Structures are given as C-alpha cells and as structure tokens.
Amino acid sequence: MRILYLDLDALTPSHLSCYGYHRQTSPTIDRLAAEGLRCTNTYCSDAPCLPSRTAFYSGRLGIQTGVVGHGGTAAQPKIEGPTRGFNDMFQQQGLAGRLQKAGLHTAMISPFGQRHAAWQFYAGFHEIHNTGKGGMDAAEEVTPTVIDWLDHHAADDNWYLHVNYWDIHTPYRAPADYGEPFANDPLPDWLDDDTLARHQKKTGPHSALDIGMWHGNESPNHPRHPGSLTDRTQLRRMIDGYDTAIRYVDDQIHLIINRLKAMGVYDDTAIVISADHGENQGELGIYGEHATADQGTCNIPFILRYPGGVKGHVDHGLHYHLDWAPTLLDLMGLEPSPIWDGQSFADTVRSGQDAGRDDLVISQCCHVCQRSLRFDRWLYIRTYHCGMHLFPKEMLFDLDADPHEQHDVAAAHPDVCREAAARYLAWHDQQMAKMPQDKVDPMWTVIREGGPFHANADTGSLHHSGGFEKYLDRLEQTGRADGAAQLRDRYPELLETTP
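Residues numbered from 1 in each chain as written. Predicted model: local features only at pLDDT ≥ 70, side-chain atom pairs only at ≥ 80, totals over all residues. Heavy atoms only, no water.

*Asks:* Any details on the nonpolar core? Residues and values, ideally.
*Replies:* If you look at the biggest cluster of nonpolar residues, it comprises 54 residues, and the most contacted ones within it are L8 and L260. Only β1 (2-8), α1 (27-34), β4 (105-109), α8 (139-153), β6 (159-165), α10 (232-262), β7 (269-274) and β10 (299-305) provide two or more residues apiece to this core. Top element by residues in this core is α10. It accounts for 12 residues. When near neighbours in sequence (up to four residues on either side) are disregarded, L260 contacts L4, L150, A154, V265, Y266, T269 and I271. Counting residues in hydrophobic clusters, the runner-up holds 51 residues, among them M213, A293, W427 and A484. (Core = buried A, V, L, I, M, F, W, Y, C linked by side-chain atoms within 4.5 Å. Buried < 20%, exposed > 50% of the residue type's maximum accessible area, 1.4 Å probe, protein only. Helix = DSSP H or I, 4+ residues; strand = E, 2+ residues; numbered from the N terminus. Contact = heavy atoms within 4.5 Å.)

This is how it looks when you write it as structure tokens:
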C-alpha cells in the first residue's frame, strides 16, 4: 500500500471550490474529490497547530495527552510516570509507530516537530526531512524535496508519506510573480459593508483592526497580508491573499500528482487532502487566524482518494481528524490501538455507508480557552477565557442558517443550550474518568498559568507586544473605548498597580 497524506496548514474547506466556494481556488483538489470521498463535517479535536497534530498522530484527544496549549505546561505531553516502558506511548501506540510495525516505510517532509519541539509528531517515522524554516517554508522549497523522495521511493511498495505545506498559514505567502488570480472575482456575499463595520468594533487579536494580533502593523515581507481592515480594499487584500495561497499550493499538488502518474503508481496510491485546522476569514469577527473552538478554526477538509473506495461520494457525518488512524488500520485489516479515541469510518470509504458520530467536542486553549459541542445543525461554544475577544460564557450558532457564525442565538434557544451543556458535561465526566493517573484537565492548567499563551500578559504574545494596558490604549485610540472598558472590568488583575 502507498499512502500520501497532504497536510495543508490552515486550510478551511469553506474556501475550496469543491466545497461550494464561488472562486475556483482548488482545481487539482477538486479533481481528487471527484475521484474519491469528500467529508464535510470533519473537525480537529484540539486547535490549533500543536494540539491538533499531537491528537492526530497519537490518536488521542488533548484532554488525555495533556497537549492543548502553545506554551507552558500544557504544551508538553503528560508524564507517563512509572508505567512508561523503554519507549513512550507516542512511539508504541501512535499512528506512525503502528504503521511501522505493519511493515510500512514511514516518511515525513515537515519542519513542524522542530517548530514546536514536538517529538510526538515525529515518533514512528523512519525518515524525517526538515525543510528547515520552522513554518516559514515556501512551497518552492518543499515541493522539490517531495519530488526527489518520490523519484527514489514512489515505485516501492508499502510507504506512508506525510507532506506539510505552509503557504496557506498566516501570513499568506504566494510569491509576487504569481499574480492576482482573483482580482476580478467578487468577495463572499456575506462580507458586506455592514458586517465589516460591525467587525471593526470588535476587540482581540486578529479582529478587523488588529490583524497583527495586538496592533495593525504590516510587514513589507508579506504584501498579501494587511495589518488592519480599515476598508473594503484591505478586506480584499486579506481574502485574495488567503485564496491565492490556496491556489498556489493547489498548483504544487498538481506537480506531485503528475509525478505519481508519470511513475505509474497514481492509481495504486491512496491520497489524503486535509489540514491541522482551518482559518477564520470573518467567522466570529476574526480574520487570518485559527484562534477559537468554532467552525472557522476547527472544521477542516478531508478528502480521500482510496484505491477501490467510493468515487465522487460526499459524506456529511461528524468525524474527528484523529478518526483517520483507526480508519486506516481498519482498511488495512489491522486492529487499532486500545488507547485511541478515534472511531473508524472505513465503511464510508468502502461503500459510502454513514459512520459518523452523534456529536463532537472541540477544544481551543492556545488563544482562548473554549470547549464546543457540534451536533445536528448546532455549534455550542463555552468560553472559559475569552482571549480579549469579549465572548460571552455561552454562544450558540445555527450552522445551517448561519455557517459563518455572525448571529449568536443562545438567548433564543435555551433548550438547545441545555442539551448541549448536558452532552458536553457527560463527555467531560467520561474523559476525566478514563485518565489513568493525574485526573487533571489541561485546560484548567492553562488557566491557572495565566491564561492561553497568545493572550497571556506575563509570558505570551500579549506580554511581548507591550502588555495589557498598551493594548487598551490602542483600543481607545481606534474608536473602541467601550471594548477597552469591558476588558478592564473583565480582567482587573492585569491592570498595573501604582505603589
């Protein structure tokens, strides 16, 4: 078996033409979707990058591994303690390690393990090709490495290759000479003048006036990425920059597909298109970031072209991204790890049979602390730390009527909120009960250590940008004094005191 897993960092399905986007951003990906399975309701269990990829290759939820943050204790796996053997669980029970034991040659082309000091991402791989720039790696640096690897190995039997592209990740980096393929295409209809004006009143990193997280500055190195959405011209720069990056990476995938065909192995190769997380482009009023436990951040594409599997099938079942691990082993006739939290949807791959879950709990503890429940048409969000976005404790969105999360309907549907809260608490009780040792929810570790890393006034990016009071000053200077006052009331402990 040959398996190519294309991990396109920060790719949201709502901006892919095969998922209904009005711009032709993804012709190569569209053709793969037409030849295989396209899943519409796949979610990363834990966002963003480090928690997501830890969950994906360990096959376990972040509440179990302990990795839910980007800094502090919760950016490291829980210590296994006296039960640890000569190797750790990531080596013994992770997806790549299981594939090794099954006789596959496992290879990776990605700098991610070094970017986040994450051994668990590399565990079980025979080969690791670190493209060396910690996430600033351009496609023109990645693709030659992929092509070279295929030239040497594609004709071999039994391999699994993970390839990581970064150009879609903020800041958007398609080269200038690639041009402006969407200059004549309209922006999404829902991003109208009233919506932009409303978003310009919001607080928090990557809100419309703070694309630079805590400021509106631009970098001359990233001309496709504005610093502040002061008008529709800057909004177009934002959306066009993101969509152009997608199209640019799609062209790289085209080169890879052509090489597989030229080597005569395309028909026998399973190809996956997915992402670690999505990217908010106005969802919850956030732009160019993956900072919440919501539809924009956690809904990801999952497209699988599997030899002998369904063709042109669309699956609407609810799946975690970590369900890929048991699904792949099921397709190979192997048993999953007993500690995995994933659930196989191999029957969907084989015949299109529904194998979705009843609900999903998705988590974000790097920019905010949120846990959300996805079920039926609903997304229910519980916020424990708002990350300076002033989110209420509970939010509810009807994704059928409002897929971009502009209208919180929690007050209108208290019955739905009660059901969602009950489902979430049942999930939480189950997760706490199955922990073998410490019985600690790592989300509360994040909160005890001063809050999510990117909004931490002592150690995170808020601290390094000048601190809480400097950001309050910026809000007041940019017409958001009301937001500044609300943040003072919500986080009085962050205010400097005068001796």
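*Asks:* Go over the packing of α1 against α10 with me, naming the residues and quoting the values.
*Replies:* The axes of two packed helices give the description: the angle between them and the distance between them. Between α1 and α10, whose axes approach to 7 Å, the crossing angle comes to 55°. Between α1 and α10, the angle is such that the two are oblique. Across the interface between the two elements, P27, T28, I29, R31 and L32 from α1 touch R247, D250, I253, H254 and I257 from α10. Taken together, the residues of the contact of α1 with α10 sort by class into five nonpolar, two polar and three charged. (Axes fitted to C-alpha atoms, helices over the stretch in contact; angles between N-to-C directions. Parallel < 35°, antiparallel > 145°, perpendicular 65-115°, else oblique. Nonpolar A, V, L, I, M, F, W, Y, C, P; charged D, E, K, R; others polar.)

*Asks:* Kindly report on the environment of P403, identifying the contributing residues and their values.
*Replies:* Inspection of the secondary structure assignment puts P403 in the loop between β15 (394-398) and α14 (414-434). On the basis of relative accessible area, P403 is assigned to the partly exposed category, the value being 41%. Considered as a pair, P403 and V440 are 37 residues apart in the sequence and their alpha carbons are 34 Å apart.

*Asks:* Which residues make up the environment of V146, and what values go with them?
*Replies:* Structurally, V146 is set in helix α8. Spatially, the C-alpha atoms of V146 and D294 are 33 Å apart, while their sequence positions differ by 148 residues. For V146, the contacting residues outside a window of four places in its chain are I109, V163, Y165 and I256.

*Asks:* How would you summarise the sheet that holds strand β13 (residues 369-375) if you had to cite specific residues and measurements?
*Replies:* In spatial order, the strands read β3-β12-β13-β14-β15; together these five strands make up an open sheet with mixed pairing. Edge positions in the sheet fall to β3 (46-47) and β15, since each of these pairs with one other strand and no more. Bridging between strand β12 (residues 360-364) and β13 involves five bridges; their strand directions are antiparallel. Bridging from a neighbouring strand, S363 pairs with R371 of β13. (Pairing = 2+ DSSP bridges.)

*Asks:* Can you tell me about the side chain of H404, naming the residues and giving the values?
*Replies:* Mapped onto the secondary structure, H404 falls in the loop between β15 and α14. Within the structure, the side chain of H404 is placed 3.2 Å from the side chain of W190, a separation counted as a polar contact. At 3.0 Å, the side chain of H404 forms a polar contact with the side chain of E283. When residues no more than four places from it in sequence are discounted, the contact partners of H404 are W190, G282, E283 and L284. (Polar contact = N/O pair within 3.5 Å; in protein donor to acceptor, adjacent residues only side chain to side chain.)

*Asks:* Would you mind going over the packing of aromatic side chains in detail, with residue names and values included?
*Replies:* Summed over the entire model, instances satisfying the criterion amount to 16 aromatic pairs. An angle of 25° between the planes, with centres 5.9 Å apart, marks the rings of Y424 and W427 as stacked. You can see Y424 and its partner W427 sitting in helix α14, three residues apart, about one turn around the helix. By relative accessible area, which is 12% here, W427 ends up buried. Each residue in the set Y5, F56, Y57, F112, F121, Y122, F125, W166, F302, W324 and F345 is aromatic and connected to the rest through ring pairs, giving one cluster. The positively charged end of R98 is found above the aromatic ring belonging to W340, 5.9 Å away from the centroid. In this arrangement the basic side chain of R305 is found over the ring face of Y266, its NZ or CZ atom lying 4.0 Å from the centre. (Phe/Tyr/Trp six-rings, centres within 6.5 Å; stacked < 30°, edge-to-face > 60°. Lys NZ or Arg CZ within 6 Å of the ring centre and 35° of its normal.)

*Asks:* Which residues make up the side chain of R357, and what are the values?
*Replies:* Here R357 shows up in the loop between α13 (346-351) and β12. Among the polar contacts listed, one links the side chain of R357 to the backbone oxygen of D341, at a separation of 3.0 Å. Excluding residues within four positions of it along the chain, R357 makes contact with L318, Y320, D323, D341, G342 and Q343.

*Asks:* Requested: an account of unusual backbone geometry, with residues and values cited.
*Replies:* Excluding glycine, residues mostly carry a negative phi; peptide bonds, for their part, are mostly trans. Residue P48 is bonded to the preceding A47 through a cis peptide linkage, with omega at -5°. The residue P48 is located in the loop between β3 and α2 (49-58) in this model. Backbone torsion omega between T170 and P171 reads 0°, so that peptide bond is classified as cis. By the element assignment, P171 lies in the loop between β6 and α9 (193-199). Positive phi is not limited to glycine here, since H206 has a value of about 65°.

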